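Inside the fold
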Amino acid sequence: MQQDTIYPPVTLITVDAPMSPSVHGGRAKCLQRLIRLEMPVPTTVALSFDAVRGIAQGQMPDLKQVLAPFGPDPLLSVRPSSEDPDWGGPGAILNIGMTDARHAEMCARMGEAEATAIYLRFIQSYAVHVARLDPEVFDIPEHPTGANLRVALDAYEYEMDEAFPQDPACQLAEVLRSMARAWDGTSARLLRQAKGAPANAGLGLVVQAMALGVGPGECGSGVIQFIDEATGGQRIKGRYLAQSQGREALGAGTGAMFLTRDPRGPSVEETQPEVFEALTRFGEICRTRLREEMQIEFTIEDGKIAILDAVRVPRSSRAAVRVAVALADDGIIAREEAVMRVDPAALSEMLHRQVDPTAPRDRITSGIAASPGAASGRIVFTANDAQASAARSEPCVLVRWETSPEDIRGMHAAQAVLTMRGGITSHAAVIGRGLGLPCVVGASDLTIDRKKKRLIAPDGRSFAEGDVITVDGTSGDILAGEAPMIEAALDEEFRALLAWADEFRDIGVRANADTPADAQTARNFKAQGIGLCRTEHMFFEGDRLVVMREMIFADSQTERRAVLDRLLPMQRADFAALFEIMQGKPVCIRLFDPPLHEFLPVDKAGMRDLAEQLGLALADVNARVEALSEYNPMLGMRGVRLGLTYPEIYDMQARAIFEATVEASASGAPVVPEIMIPLVSAMREVEIVKTRIDAVAAAVKAETGAEFDYRLGVMVETPRACLRAADIAEHAAFLSFGTNDLTQMTYGLSRDDAGRFMSAYVKAHVYEEDPFHTLDIDGVGELLSMAAERGRAGRPEVILSVCGEHGGSRSAIDFCRKQGFDYVSCSPFRVPLARLSAAQLAIADRLELNIS
Ligand code: PEP
Ligand code: MG
């Protein structure tokens, strides 16, 4: 009610009329800005969201008031004006006010063909969009003759049982009503909600005097923009079509004229230099005064320009970054605003690895390239298996006939998705792009043998579940094995934007990186260090897996020591490589935390392989696997429990870390390694490990004569470690929260098995989200804040961080900032997103905006 007093339902847009995007929509507000910038905008009236809601419910505003500014013979257009232009709205309707009388008058003034063409176009759009008649009946005829006009009017009368309306006010009322109702339609609502519109989003409408674009003299219409929407580079683009209306020029193909000089045909720049000059001037004014790259819709009527509308140029993610940076570089917006303008999720499109184009390709087949980037992983055929694979940190490719919403969590967990069915707008393709997940769809010459769990290629080759393939979502190729990749290249603007983000950011961002390749990616993305190096992952591959298994299978300390002697140089080289790549930045190395089942063979063939590798009888291997197998491996002989039971394992790792420290510090920046103890639940575990590691450090110092520092910390991932954080922190320089295990143990929810019922749980709103994806602020978050408080009580300067998979998400970063944590650590590809999100949260905090 109060809003109605400030903002009446009907507003003539003038320089100082009270208007707001949240009342009249973005288009109406933008038109007012254009008027303020003295652009030649035809007379326009705005209807508020409330007015349009009223229209949908049958309460038409005073049409006399709406029509008054347009004079006695109005010819009008109506366009939608939602709060955010991305939320869409019904299509524009032009030429409202065309009647038999108006047609006769225009025939005399501008020529019969032109006037008839306009009338026919109006009848067509009115019949189809307002009266909802069959579009086929109202196809626009090729020749705008009087006879064709009669046919259209008769067809309307035949279908509607009444003559085509001849009163402009009545035409306008019907147009307004149909547009207001269309906004309430189910598909319109779903579409805008998918783009983030609130359920009660309003629609405004703008009623504007037609600037005809058709008639005597130079007449036409066109669209101009000043950037390339794909790259964001400065470039004048658009088309102009003589004797046309609306956006016809864009659909006219070769019939339309270029704007700038072009060898392919005539241009506005050459044929109408003053118009071209004025348009470029308007573009520049929009850029500097509206502080945005706008696409301008214009008409020429007898040589005179009218600006009908200006919208933000729709653009790719790369262009969004480039435009934001260019506007800031030109002093048009502040750097802070440039940082706020880019959606962190959009960055992911720019961040993908690609298959090395110079490497040989073992192509299995190809399908539709549906989401860019490439990834390799083991084949899994169900979403549950994808989640289980992710829980084991084993990269996988989800292979399905087609995907459905049931599969979303599996898609989240997979490195890439491959489907046999579907096209570029299929579920897999849309979701894949949304997640920034490499995706190939419609690879129809592949078949899945469900029973045998195999993927059959057109040449007869067959791939079992667990075999590694590569999905190249950029080319559409599916390749056998793990293809060599090249890392995503960051362009200059991307780097600039993130460098600015770093200036505003107030929480550190590190990467979880296990291999030199990961570390290199982390470094390229300017991670401030490695927050988690899972050392057992260094042993997942080929020959090394054998050595790891030998260690696990050793049944005496002597045997284990012998294997550890072989592991030592491997680990030393691994750590030296990480230190070298990170150039003095902190590297946090987690001591072994192998849930043993991840390293044991699961089937007969695996057992046989292992027997061969270890030179043991199959029966012996069977017996040992049995002896080692646990009912609950995730709660079994893992982490520090392994370290305490077989202390020589952690001794070896500590030695490898310190020797690598000495080596890397001698040739590069000094290294201060961080050593992290996993799965701690009692202070005494930390004390015991610390004593041994201190002894190893002293021994390495004595042997090498080198001095170095190191920090010992604890991975807090059991509820008890949270509860006892004060004691634990007394022995730990840092506490890093492993929110994966902590979520598992807080909920009593298996990381490997939750996929089976998670969808049902989320659907029933038992959990609002899968807590392994979205940090559970209410429960796990409470443990974190309590542990942080207790940890600080035990050691005020203790460094706090999160290194579980949640670390890169905006909501987790928001939480960590509020708790005063020092950094988050996330997978290398999420580092840029995390840097940007963290900066946006800090800026929003300062500006008191709510964006979390
Ligand atoms: C965790 O538990 O959160 C964690 C980071 O460690 P992992 O996933 O290796 O168990
Ligand atoms: Mg863990």
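Attention here is on the structure that accompanies the text.

Even without glycine at this site, D302 takes up a positive phi of about 50°. In this structure, K526 takes a positive phi of about 60° despite not being glycine. Of note, K526 is situated in the loop between α21 (516-524) and β25 (530-534). Of the residues examined, K526 reaches a relative accessible area of 48% and is grouped as partly exposed.

The antiparallel open sheet is built from five strands, whose spatial order is β8-β7-β6-β9-β10. Whereas interior strands pair on both sides, the edge strands pair on one side only; in this sheet they are β8 (257-258) and β10 (304-312). Relative to β10, strand β9 (residues 294-301) is paired through eight bridges, and the arrangement is antiparallel. Note that in β10 the partner of F298 across the bridge is I307. On top of the sheet, helix α3 (residues 26-36) reaches β9 and β10; it is set at about 135° to β10, its chief contact. Packing against the sheet, helix α13 (residues 273-290) makes contact with β6 (220-227), β7 (234-242), β9 and β10, and its axis sits at approximately 150° to β9.

Further remarks concern the coordination of the magnesium ion (ligand 2). Ideal values differ by geometry: the angle at a metal is 109.5 degrees with four tetrahedral donors, but 90 or 180 degrees with six octahedral donors. Within the protein, the magnesium ion (ligand 2) binds to E717 (OE) and D741 (OD); these donor distances fall in the range 2.0 to 2.1 Å. Here E717 is found in the loop between β28 (711-716) and α29 (719-723), whereas its partner D741 is found in helix α31 (residues 739-747), with 24 residues between them in sequence. In this structure, E717 and D741 share a single accessibility class: buried.

When the charged atoms of two side chains lie near each other, side chains of opposite charge can form a pair. This model, assessed by the stated rule, comprises 55 salt bridges. Here R27 and D309 are joined by a salt bridge, their closest N and O atoms 2.7 Å apart. Here the residue R27 occupies a position in helix α3, and D309 occupies one in strand β10, the gap between them amounting to 282 residues. Residue D309 is classed as buried on the basis of its relative accessible area of 2%. Here E402 ties to R421 by a salt bridge, and the two come within 3.1 Å at their closest N and O atoms. With E402 in the loop between β15 (396-400) and α18 (408-413) and R421 in the loop between β16 (416-419) and α19 (427-435), this pair connects stretches of sequence that are 19 residues apart. A relative accessible area of 45% places E402 in the partly exposed class. Here the residues in one salt-bridge network are R291, E292, R312, R315, E337 and R341, joined through shared partners.

Next up on the list: the environment of I55. Mapped onto the secondary structure, I55 falls in helix α4 (residues 49-56). Taking relative accessible area as the criterion, I55 reaches 0% and is therefore assigned buried. Sequence-distant contacts of I55, that is, excluding residues within four places in its chain, are made with L47, M60, P61, L176, R177 and A180.

Right, let's get into the nonpolar core. The biggest cluster of nonpolar side chains holds 124 residues, and the ones touching the most others in it are L347, F658 and L735. For L347, the contacting residues outside a window of four places in its chain are V321, V342, F494, L498, P832, L833 and L836. Judged by nonpolar contacts, the second largest core, of 57 residues, contains L63, I123, L133 and L203.

Here we take up the sheet that holds strand β19 (residues 454-456). Strand pairs in the sheet, formed through backbone hydrogen bonds, run parallel or antiparallel to each other. Judged by pairing direction, the sheet is antiparallel, and its three strands sit side by side in the order β18-β19-β20 without closing on themselves. Whereas interior strands pair on both sides, the edge strands pair on one side only; in this sheet they are β18 (447-449) and β20 (462-464). Here the average twist between neighbouring strands, direction ignored, is 25°. Note that β19 and β20 share three bridges and pair antiparallel. Within β20, the position partnered with L455 by the bridge is F463.

Topologically, D491 is positioned in the loop between β23 (485-486) and α20 (492-504). Placed 141 residues apart in sequence, D491 and M350 show a C-alpha to C-alpha distance of 9.1 Å. Aside from chain neighbours lying at most four places away, what touches D491 is R318 and M350. Polar side-chain contacts of D491 include one of 3.2 Å to the side chain of R318. Within the local environment of D491, its side chain forms a polar contact with the backbone nitrogen of F494, the two atoms lying 3.0 Å apart.

Thresholds applied
Residues numbered from 1 in each chain as written. Chains lettered and ligands numbered in written order. Predicted model: local features only at pLDDT ≥ 70, side-chain atom pairs only at ≥ 80, totals over all residues. Heavy atoms only, no water. Helix = DSSP H or I, 4+ residues; strand = E, 2+ residues; numbered from the N terminus. Buried < 20%, exposed > 50% of the residue type's maximum accessible area, 1.4 Å probe, protein only. Pairing = 2+ DSSP bridges. Contact = heavy atoms within 4.5 Å. Axes fitted to C-alpha atoms, helices over the stretch in contact; angles between N-to-C directions. Donors = N, O, S within 2.8 Å, 3.2 Å for Na, K, Ca; no water. Salt bridge = Lys/Arg side-chain N within 4 Å of Asp/Glu carboxyl O. Core = buried A, V, L, I, M, F, W, Y, C linked by side-chain atoms within 4.5 Å. Polar contact = N/O pair within 3.5 Å; in protein donor to acceptor, adjacent residues only side chain to side chain.

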